[in-house]
Amino acid sequence: MEEDFISSKANIDIEGVWESATNLMSSEMTAVSFDVWIKTIKPLEMKGNCLVLATPSLSSKKVLVKNYKTIITSCLNRVHGAITSVEFVIGNGEDAQPEEKEEKPEETEDDLVRTSFNPKYTFDNFVVGSSNQFVSAAAKAVATTPGEKKFNPLFIYGGVGLGKTHLLHAIGNQVNETKPALKVVYVTCERFTNDLIDSLFNNKRGSTSDFRSKYRRADVLIIDDIQFIAKKQSVQEEFFNTFNDLLEKGKQIVVSSDKPPKEIDGLEERIRSRLEWGLMADIGVPDTETKTAILLKKAQIEHYNVSRDVIEYIAGAQSTNIRVLEGMLARTVFYSGLLGESIVTIDTAREALKDMIAHDDAELDASVILDSVCKFYNIRKEDLLARKRTKEIAYARQIAMYLISDLMTIPLAAVGDIFGKDHATVIYAKNKIAEDMSKNKKFATEINDIKAMIKGK
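Predicted model, so just to flag it, every value in this text is computed and none were measured.

Visitor: Can you explain the layout of surface pockets? Please cite residues and give values.
Guide: As a volume, the second largest pocket reaches approximately 800 Å³. Lining the second largest pocket we find 32 residues, and of these Ser131, Gly284, Val285, Pro286 and Met437 sit closest to its centre. For the lining of the second largest pocket, the elements supplying multiple residues, two or more each, are helix H5 (133-144), helix H11 (288-302), helix H17 (391-407), helix H19 (423-439) and helix H20 (441-455). Residue contributions to the lining of the second largest pocket peak at five residues, all from H20.

If you want it as structure tokens, here you go:
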């Protein structure tokens, strides 16, 4: 068992913990906020369970205490469970001015078991599209009736930046709000591993049993990025026992990963089979319309004054990582502010993102896509652009609308102009083709074949 932890240290590496925590923060706040407020912080020292952080000025300290203390503490706690609070000081430590602490009641054992979830990650703020409708419904069902056998365990999987962490926090937030008597524990796989490491180093004081008690007392246990326990024999052993203990008690388990259990190399078969016992839900890749809706919601929450053309331009980027797209939106708004604009324009967006969005459409134009669709389905281009409404022609026209809007960064209204159709018709076509692809794997393969044909030209 000890072989997994030979290189581990008993003392907290505050620099390493801070780096890991800032990685979490960068994905949970706007790029501008992160650059302005978080990047200026330096970790100084540990005082008990409190990490002392140096900030450059009194004004920045006030902003951090008021607006960012909760998320900083939460991210640090998720990386290393020993850190339960932070203190801000001005300067580098020698002449540091300590933060005035508020009197608060001593934390009890029950308080330490609870998890602070990001208040922005709720079901109301989660945009549902064709790619994530099922997983969203599954997460809501778990949050409403945790421990329900048919949803236990819930295994959520999907690529980076598609919303897994958002859903995990949404579950936690709803359970905490509607069922406050339940103990909800959220933990990243990294923190679960670190907690086990700490317990092994301090096992003379009974820390191993404390570790087990902490997780096995949970009514709802949420573990993020379970793929990182692969090939870690000791961690898998502890997870397996914790999993069995909670399931026997009828407690809810929610697990996330970047891939389904059968594709996680180095995962023990007994764990793989247990993760597949309950409900597995895939967060699919969002289509352009879903990405547009997500960015519109983000703009509303952050009070960005952005035109729809700008939103559609960013949503049209090839990236499917929602965090990256939200970062593009924040960068565009910040750049527009530097120029003194009252509203972000499409020209400003293009300039702000010229190094981030590859303008493949400089070489790819709509005619290439139309030619490829016509060749694949053996129809004439004149018929595709005419008002013919035969079933085959109409469906091929919808496919062409979908592909143009998906592969080119142009507004949907401009797509409609190509066919003499309005904006609403293009949206209907996009949704129709995306839905058909999700239901019919053979059809989805056809669309991918057409895309390969287009990109090969």
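Visitor: Please give an account of the sheet that holds strand S7 (residues 220-224) that cites residues and values.
Guide: Pairing is parallel across the open sheet formed by five strands, whose spatial order is S6-S7-S8-S5-S9. The sheet is open, and its two borders are formed by strand S6 (184-188) and strand S9 (279-282), each paired with just one other strand. Sheet twist, expressed as the mean angle between neighbouring strand axes with direction ignored, is 15°. The pairing of S7 with strand S8 (residues 252-257) spans four bridges and is classified as parallel. Residue pairing in the sheet places Leu221 in a bridge with Ile253 of S8.

Visitor: Quick one: what's the story with the packing of aromatic side chains, residue by residue and with numbers?
Guide: One pass over the structure, following the stated rule, counts six aromatic pairs. Ring geometry for Phe155 against Tyr157: centres 6.1 Å apart, planes inclined by 45°, an arrangement best described as tilted. You'll find Phe155 and Tyr157 in the same group, each marked buried. A centroid spacing of 5.8 Å and a plane angle of 55° characterise the contact between Phe239 and Phe243, whose relative ring orientation is tilted. Of this pair, Phe239 and Phe243 both sit in helix H9 (residues 233-248), four residues apart, which is roughly one turn of that helix. For Arg270, the ring lying beneath its charged end belongs to Phe240, and the centroid distance is 4.0 Å.

Visitor: Can you break down the pattern of salt bridges residue by residue, with the values?
Guide: Close approach of charged atoms lets side chains of opposite charge pair. Tallied over the full model, the rule gives 15 salt bridges. Between Lys354 and Glu351 there is a salt bridge, and its shortest N-O distance comes to 2.8 Å. Lys354 gets classed as partly exposed once you look at its relative accessible area, which sits at 47%. On the basis of relative accessibility, which here comes to 36%, the residue Glu351 falls in the partly exposed class. Residues participating in the shared-partner salt-bridge network are Lys120, Lys298 and Glu302.

Visitor: Got a sec to walk through empty space enclosed by the protein? Specific residues and values, please.
Guide: Across all of its chains, the model carries three cavities of 30 Å³ or more by this definition. When its volume is computed, the largest cavity comes out at roughly 50 Å³. What lines the largest cavity is a set of ten residues, among which Thr288, Glu312, Ser405, Ile410 and Leu412 lie closest to the centre. Across the lining of the largest cavity, the residue classes tally to four nonpolar, five polar and one charged. For the second largest cavity, the calculated volume is near 40 Å³. Lining the second largest cavity are Ser131, Asn132, Leu162, Ile283, Gly284, Pro286, Thr290, Ile294 and Ile322. A breakdown of the residues in the lining of the second largest cavity according to their chemical character gives five nonpolar, four polar and no charged.

Visitor: So what's going on with the nonpolar core? Which residues, and what values?
Guide: General note: in soluble globular proteins, nonpolar side chains tend to be found buried as a group. Ranked by size, the top nonpolar core spans 32 residues in total, and within it Ile369, Val373, Ile399, Leu403, Ile404 and Ile447 carry the most contacts. When residues of this core are traced back to their parent elements, those giving at least two are helix H15 (366-377), H17, helix H18 (412-419), H19 and H20. Ranked by residue count, the leading element in this core is H17, at nine residues. The residues contacting Ile399, other than those within four sequence positions of it, are Val373, Tyr377, Ile433, Phe443, Ile447 and Ile450.

Reading the values: rules and limits
- Residues numbered from 1 in each chain as written.
- Predicted model: local features only at pLDDT ≥ 70, side-chain atom pairs only at ≥ 80, totals over all residues.
- Heavy atoms only, no water.
- 1 Å grid on protein atoms, 1.4 Å probe; cavity = no way out; pocket = protein on both sides within 12 Å on 5 of 7 lines; lining within 4 Å.
- Points joined across faces, edges and corners; volume = space filled by probe spheres on them.
- Helix = DSSP H or I, 4+ residues; strand = E, 2+ residues; numbered from the N terminus.
- Pairing = 2+ DSSP bridges.
- Axes fitted to C-alpha atoms, helices over the stretch in contact; angles between N-to-C directions.
- Phe/Tyr/Trp six-rings, centres within 6.5 Å; stacked < 30°, edge-to-face > 60°.
- Buried < 20%, exposed > 50% of the residue type's maximum accessible area, 1.4 Å probe, protein only.
- Lys NZ or Arg CZ within 6 Å of the ring centre and 35° of its normal.
- Salt bridge = Lys/Arg side-chain N within 4 Å of Asp/Glu carboxyl O.
- Nonpolar A, V, L, I, M, F, W, Y, C, P; charged D, E, K, R; others polar.
- Core = buried A, V, L, I, M, F, W, Y, C linked by side-chain atoms within 4.5 Å.
- Contact = heavy atoms within 4.5 Å.

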